[in-house]
There are 2 protein chains.
Amino acid sequence: MQEVIKVAVDAMGGDYAPGEIVKGAVNAVTMRQDIKVYLVGHQDVVRKELEKYSYQSSRIEIIHAQEVIETAEPPVMAIRRKKQSSIVVGMNMVKEGKADAFISAGSSGAILVGGQVIVGRIKGIERPPLAPLIPTKKGVSLLIDCGANVDARSTHLVQFAKMGSIYMENVLGIQNPKVAIVNIGAEEEKGNALVKETFPLLKNCPDINFTGSIEARDIPNGEADVIVCEAFVGNVILKLYEGLSKTLVSVIKQGMMGSLKSKIGGLLVKPALKKTLKDFDASEYGGAPLLGLKGLVVKTHGSATAKEVTNSIIQCVTFKEQEINEKIRKNIGTSPIETE
Amino acid sequence: MQEVIKVAVDAMGGDYAPGEIVKGAVNAVTMRQDIKVYLVGHQDVVRKELEKYSYQSSRIEIIHAQEVIETAEPPVMAIRRKKQSSIVVGMNMVKEGKADAFISAGSSGAILVGGQVIVGRIKGIERPPLAPLIPTKKGVSLLIDCGANVDARSTHLVQFAKMGSIYMENVLGIQNPKVAIVNIGAEEEKGNALVKETFPLLKNCPDINFTGSIEARDIPNGEADVIVCEAFVGNVILKLYEGLSKTLVSVIKQGMMGSLKSKIGGLLVKPALKKTLKDFDASEYGGAPLLGLKGLVVKTHGSATAKEVTNSIIQCVTFKEQEINEKIRKNIGTSPIETE
């Protein structure tokens, strides 16, 4: 018999919760037979949404959680106080082995804190990075770290590089993934203090295929599979990626409305443009895993719609099947630092 | 009689030197009567290029410099040893008052080092930032600092904010320019150590119109006129801006070649697309000034063509006319730190 992957999904987090979250969950269990989804949230609210769909009832279960952590709440306090929130309840399911993974479009801060405090780090992992996939000309690259734990140390970045390699090799199927560190020049002597300290460590790391520095202008070309940086820089890259893509598309569309000729042209190119932009849409690739935890925690965009939720749920299956956490534990989790 | 602005231009620096540089200089003196250009470079090489054009001969003069600093050379060493290089000769002209400004598309490192060592900082300016204009949906914003002096302190960032405000108000004519600091969230408590330390200083600074944090996704919308960050982050933003714009345009164009229908549409939208992309082309806005020096030093893109060179030369006129350096000296240069 096929193993069923149990995924707890925060039904209350994100801009389009619970509607799009519930819809995404229903789509996931419809597409795949090997998934069971636990929708974590207020039972009345979730049930009302679920009633709109038909699905195999044994494959979706509601787990009641009467509180919601808002985006603006200070994360540490929220995780500590709101024991009945969908994030805390869902994370506890992962901790207790009742779920293999937890997905949320809610407060990034709370997810990062909860991941560390409730699910816990794999022994030896100093800091769990948030690692989204970003679209490139050649496919996707993993940008690691985009989390909220800024001001990282060089040893953190080396662990990010290793975890990113394992993820890209096993979840994305990229053989010997190219690892590069974000820098402001190609030469080894360039960079800030952190990059200068990290560069030789990566260079001498036998477990990864380190190709050196990558300048931000080369990231969209897909010149590296794993792009290592500390979280502040990663967050800037990720958000500029989203913002600039959106702005460029909007000015291009606006530009096409300028004359009758270009309007007609615009209609003709619309399907091709749509397809191109779909390839460059981060939500196509699911959420970002928080790597290095004892269980799988995935953060989707706050603006996640059903499609991203479905993709994120399906992503969890590969993560589990490929035993990513076992590989991280075996290959990186050897330092004596305790997890709690 | 009209005052003539004297601009020394590095004829040997950049990917398209000396051809495009010389062409840009000729165009500048053709367009404006109040500019005299000194082309600094090897006299035989420069003369040969100049002979291709007709122009008022008193308005362009060749200043012989027999050496060239290559991009790969370590900047400090290059500035110290190559006394006859176009960069050192040009900078010395500014230092000695023989030129009002120096423009180069050559080695960024050498320009930054030379600016500080040869031209010198205005008394009280701790660090001169490189401040390019970046295109946005609403026009342009000044991104300050994008230089090579990474790991800045909070006091540097406050000076950047003030210099950026003076520049945008007086050179670009933006009343009471909005100043924001690049951050990974909108709240004051978000950010890395540097941002957390700088935020209250900017908030309490009476000379600027500080609007708080700006997330990278909002930069392309033009939500701030002056975007403050330390140089590593600024460099990443600038280069990702260039790289992502180029990649998106290339994938969109490629997408349009997919079917006959979209090919025809592509032909019809081509002029509109070209116009839109021109608005989003950084080279339209000239080079980036290195602010806070005793004279004006401008760094253009390494890939600068004649258009960018011309625009940069003309930009120097406004800079001089508006007495930017006098304003910086008066408003910021009060700290007791010596310039050398």
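This text goes with the structure placed above it.
Only a predicted model underlies this, so the values are computations on that prediction, with no experimental measurement involved.

Topic: the overall build of chain A
Turning to step 1, where the next piece is worked out: Helix and strand counts for chain A stand at 11 helices and 11 strands.
Turning to step 2, where the next piece is worked out: In terms of overall size, chain A behaves like a compact globule, its C-alpha atoms giving a radius of gyration of 20 Å where 340 residues would be expected to give roughly 20 Å.
Turning to step 3, where the next piece is worked out: Here the C-alpha coordinates of chain A stretch approximately 70 × 60 × 45 Å along the principal axes.
Turning to step 4, where the next piece is worked out: Looking at chain A residue by residue over its 340 residues, the buried ones come to 59%.
Turning to step 5, where the next piece is worked out: Of note, chain A has its 42 positive side-chain charges centred 3 Å away from the centre of its 38 negative side-chain charges.

Structural notes on the relation of the copies chain B and chain A
Turning to step 1, where the next piece is worked out: You can overlay chain B on chain A at an RMSD of 0.0 Å; the transform is a turn of 180 degrees with a shift of 0.0 Å along its axis. On the angle and the small slide along the axis, the relation comes out as a two-fold axis. Considering only C-alpha atoms, the part of chain B nearest the rotation axis is Gly265 of chain B, at 1.9 Å.
Turning to step 2, where the next piece is worked out: Comparing interface residues between copies, 100% of those in chain B also sit at the interface in chain A, which points to an isologous, same-surface contact.

As for the interface of chain B and chain A
Interfaces are often described in size by the accessible area the parts lose on coming together.
Turning to step 1, where the next piece is worked out: In this assembly, 46 residues from chain B lie in contact with 47 residues from chain A.
Turning to step 2, where the next piece is worked out: Summing both partners gives a buried area of about 4,600 Å² for chain B against chain A, and 78% of it is carried by carbon and sulfur.
Turning to step 3, where the next piece is worked out: Linking chain B with chain A are 4 salt bridges.
Turning to step 4, where the next piece is worked out: Remark: the boundary between chain B and chain A carries 10 residue pairs in polar contact (both at pLDDT 80 or more).
Turning to step 5, where the next piece is worked out: Sorting the residues of the side of chain B that touches chain A by element identifies α7 (193-203), α8 (231-256) and α9 (260-279) of chain B as the ones contributing at least two each.
Turning to step 6, where the next piece is worked out: Considering each element in turn, the side of chain B that touches chain A owes the most residues, 19 residues, to α8 of chain B.
Turning to step 7, where the next piece is worked out: By residue class, the composition of the side of chain B that touches chain A is 25 nonpolar, 14 polar and 7 charged.

Observations concerning helix α5 (residues 108-119) of chain B
Residues and elements named next belong to chain B.
Turning to step 1, where the next piece is worked out: The end-to-end C-alpha distance of α5 is 15 Å, a good match for the 16 Å that 12 residues give at a rise of 1.5 Å each.
Turning to step 2, where the next piece is worked out: Of all 12 residues making up α5, 10 are buried, and the element is well covered by its neighbours.
Turning to step 3, where the next piece is worked out: Against α3 (75-81), α4 (86-95), β4 (101-104), β10 (288-290) and β11 (296-299) lie the buried residues of α5.
Turning to step 4, where the next piece is worked out: In the segment just after α5, Gly120 is the residue with positive phi, at about 90 degrees.

Remarks on the packing of aromatic side chains
Residue and element names in this part refer to chain B.
Turning to step 1, where the next piece is worked out: According to the stated counting rule, one finds 4 aromatic pairs over all chains in the structure shown.
Turning to step 2, where the next piece is worked out: Between Tyr167 and Phe319, the ring centres sit 6.1 Å apart and the planes meet at 50 degrees, which makes this aromatic pair tilted. Within this pair, whereas Tyr167 is found in helix α6 (residues 154-170), its partner Phe319 is found in helix α10 (residues 306-321), the two being separated by 152 residues in sequence. The residues Tyr167 and Phe319 share a single accessibility class, namely buried.
Turning to step 3, where the next piece is worked out: An angle of 75 degrees between the planes, with centres 5.2 Å apart, marks the rings of Phe199 and Phe210 as edge-to-face. Of the two residues, Phe199 is situated in helix α7 and Phe210 in strand β8 (residues 209-214); the sequence distance between them amounts to 11 residues. The pair formed by Phe199 and Phe210 is uniform in burial state, with each residue classed as buried.

Examining the nonpolar core
Turning to step 1, where the next piece is worked out: Ranked by size, the top nonpolar core spans 172 residues in total, and within it Leu39 and Ile313 of chain A together with Leu39 and Ile313 of chain B carry the most contacts.
Turning to step 2, where the next piece is worked out: Excluding its chain neighbours within four sequence positions, the residues that come into contact with Leu39 of chain A are Val9, Ala11, Val22, Ala25, Val46, Leu50, Ile60, Glu61, Ile62 and Ile63 of chain A.
Turning to step 3, where the next piece is worked out: By size, the runner-up hydrophobic cluster in this structure holds 27 residues, among which are Val94, Ala99, Phe102 and Ala110 of chain B.

Considering the state of the cysteines
Residues and elements named next belong to chain A.
Turning to step 1, where the next piece is worked out: Considering all chains together, one arrives at 0 disulfides over all chains under this definition.
Turning to step 2, where the next piece is worked out: With no disulfide of its own, Cys229 lies closest to Cys146 among cysteine sulfurs, the gap being 5.8 Å.
Turning to step 3, where the next piece is worked out: On the accessibility criterion, Cys229 (3% relative accessible area) is buried.

A word on α9 of chain B
Turning to step 1, where the next piece is worked out: The first and last C-alpha atoms of α9 of chain B sit 28 Å apart over 20 residues, in line with the 28 Å expected at 1.5 Å per residue.
Turning to step 2, where the next piece is worked out: Bending of α9 of chain B peaks at approximately 50 degrees at the position of Val269 of chain B, with proline Pro271 of chain B no more than four residues after it.
Turning to step 3, where the next piece is worked out: For α9 of chain B, the complete set of buried residues consists of Ser262, Gly265, Gly266, Val269, Ala272, Leu273, Thr276 and Leu277 of chain B.
Turning to step 4, where the next piece is worked out: On the buried face of α9 of chain B, the contacting elements are α8 (231-256) and α9 (260-279) of chain A together with α8 of chain B.

Description of the packing of helix α1 (residues 19-31) of chain A against helix α2 (residues 43-50) of chain A
All names here are of chain A.
Turning to step 1, where the next piece is worked out: Remark: α1 packs on α2, axes separated minimally by 9 Å, with the N-to-C direction vectors making an angle of 55 degrees. What the angle tells us is that α1 and α2 run oblique. The handedness of the crossing between α1 and α2 comes out as right-handed. Here Gly19, Val22 and Val26 of α1 lie close against α2, whose contacting residues are Val46, Glu49 and Leu50.

Topic: the pairing of strand β6 (residues 140-144) of chain B
Residue and element names in this part refer to chain B.
Turning to step 1, where the next piece is worked out: Burial runs high along β6: 5 of the 5 residues are buried.
Turning to step 2, where the next piece is worked out: Residues Val140, Leu142 and Ile144 point to one face of β6 and Ser141 and Leu143 to the other, with burial holding for every one of them.
Turning to step 3, where the next piece is worked out: Pairing geometry for strand β5 (residues 133-135) and β6, over 3 bridges, is antiparallel. By the bridge assignment for β6, Pro135 is matched with Val140.
Turning to step 4, where the next piece is worked out: As paired elements, β6 and strand β9 (residues 226-228) share 3 bridges and run parallel to each other. Considered in β9, the bridge of Ile144 is made with Val228.

Looking at the side chain of Glu215 of chain B
Turning to step 1, where the next piece is worked out: Relative to the assigned elements, Glu215 of chain B resides in the loop between β8 and β9.
Turning to step 2, where the next piece is worked out: Setting aside residues no more than four positions away along its own chain, Glu215 of chain B makes contact with Lys239 of chain A together with Asn183, Ile184, Gly185 and Ala186 of chain B.

Cut-off values and rules
- Residues numbered from 1 in each chain as written.
- Chains lettered and ligands numbered in written order.
- Predicted model: local features only at pLDDT ≥ 70, side-chain atom pairs only at ≥ 80, totals over all residues.
- Heavy atoms only, no water.
- Helix = DSSP H or I, 4+ residues; strand = E, 2+ residues; numbered from the N terminus.
- Rg over C-alpha atoms; globule rule 2.2 N^0.38 Å.
- Buried < 20%, exposed > 50% of the residue type's maximum accessible area, 1.4 Å probe, protein only.
- Lys, Arg positive; Asp, Glu negative; His and termini not counted.
- Charge placed at Lys NZ, Arg CZ, Asp CG, Glu CD.
- Least-squares fit on C-alpha atoms with pLDDT ≥ 70 in both.
- Contact = heavy atoms within 4.5 Å.
- Buried area = accessible area lost by both parts, 1.4 Å probe.
- Salt bridge = Lys/Arg side-chain N within 4 Å of Asp/Glu carboxyl O.
- Polar contact = N/O pair within 3.5 Å; in protein donor to acceptor, adjacent residues only side chain to side chain.
- Nonpolar A, V, L, I, M, F, W, Y, C, P; charged D, E, K, R; others polar.
- Expected span 1.5 Å × (residues − 1).
- Phe/Tyr/Trp six-rings, centres within 6.5 Å; stacked < 30°, edge-to-face > 60°.
- Core = buried A, V, L, I, M, F, W, Y, C linked by side-chain atoms within 4.5 Å.
- Disulfide = S-S within 2.5 Å.
- Bend = angle between axes of the 7 residues up to and from the residue.
- Axes fitted to C-alpha atoms, helices over the stretch in contact; angles between N-to-C directions.
- Parallel < 35°, antiparallel > 145°, perpendicular 65-115°, else oblique.
- Left-handed = near helix turned anticlockwise from the far one by under 90°.
- Pairing = 2+ DSSP bridges.

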